[in-house]
Amino acid sequence: MINVTKLNGKSFHINAIYIETVESHPDTIITLTNGKKFIVAETEEEIIQSMIQFYRAINILGLNNDKGGALDEE
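Residues numbered from 1 in each chain as written. Predicted model: local features only at pLDDT ≥ 70, side-chain atom pairs only at ≥ 80, totals over all residues. Heavy atoms only, no water.

A.B. asks: Is there a simple way to explain the packing of aromatic side chains in this structure?
C.D. replies: Two measures describe an aromatic ring pair: the distance that separates the ring centres and the angle between the ring planes. Per the stated rule, a full pass over the model turns up two aromatic pairs. Judged by centre distance (5.3 Å) and plane angle (45°), the ring pair of phenylalanine 12 and phenylalanine 38 falls under tilted. On the criterion of sequence distance, the pair formed by phenylalanine 12 in strand S2 (residues 11-14) and phenylalanine 38 in strand S5 (residues 37-40) is long-range, its members being 26 residues apart. In terms of burial, phenylalanine 12 and phenylalanine 38 fall into one category: buried. Consider the rings of phenylalanine 54 and tyrosine 55, whose centres lie 6.1 Å apart with planes at 55°: the pair is tilted. Since its relative accessible area comes to 16%, tyrosine 55 is described here as buried. Here the basic side chain of lysine 6 rests over the ring of phenylalanine 12, its NZ or CZ set 5.5 Å away from the ring centre. (Phe/Tyr/Trp six-rings, centres within 6.5 Å; stacked < 30°, edge-to-face > 60°. Helix = DSSP H or I, 4+ residues; strand = E, 2+ residues; numbered from the N terminus. Buried < 20%, exposed > 50% of the residue type's maximum accessible area, 1.4 Å probe, protein only. Lys NZ or Arg CZ within 6 Å of the ring centre and 35° of its normal.)

A.B. asks: Teacher, can you tell me more about the confidence of the model for the protein here?
C.D. replies: Should the pLDDT be low somewhere, the predicted coordinates at that spot are not to be read in detail. For the protein, per-residue confidence averages 87 on the pLDDT scale, and 81% of positions sit at 70 or higher. Across the protein, strand S4 (residues 28-32) holds the top mean pLDDT of 98, while helix H1 (residues 44-57) sits lowest at 94. (pLDDT = per-residue confidence, 0-100.)

As structure tokens, then:
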């Protein structure tokens, strides 16, 4: 799960596995695979970095902190 913040300042968690798209228009909009959309205060880059950290934590696609890869942007 990743932590995000609504525009009213309330934070909540989203399961990053279900994120289909992250867009900026200029507000950041997260669209889930079921079509539900959330407008959040974080930037698109912050969301992407949170997703990468989440994927590493649960070892999706063999990503971990010891190996670099296509998603390694740090």
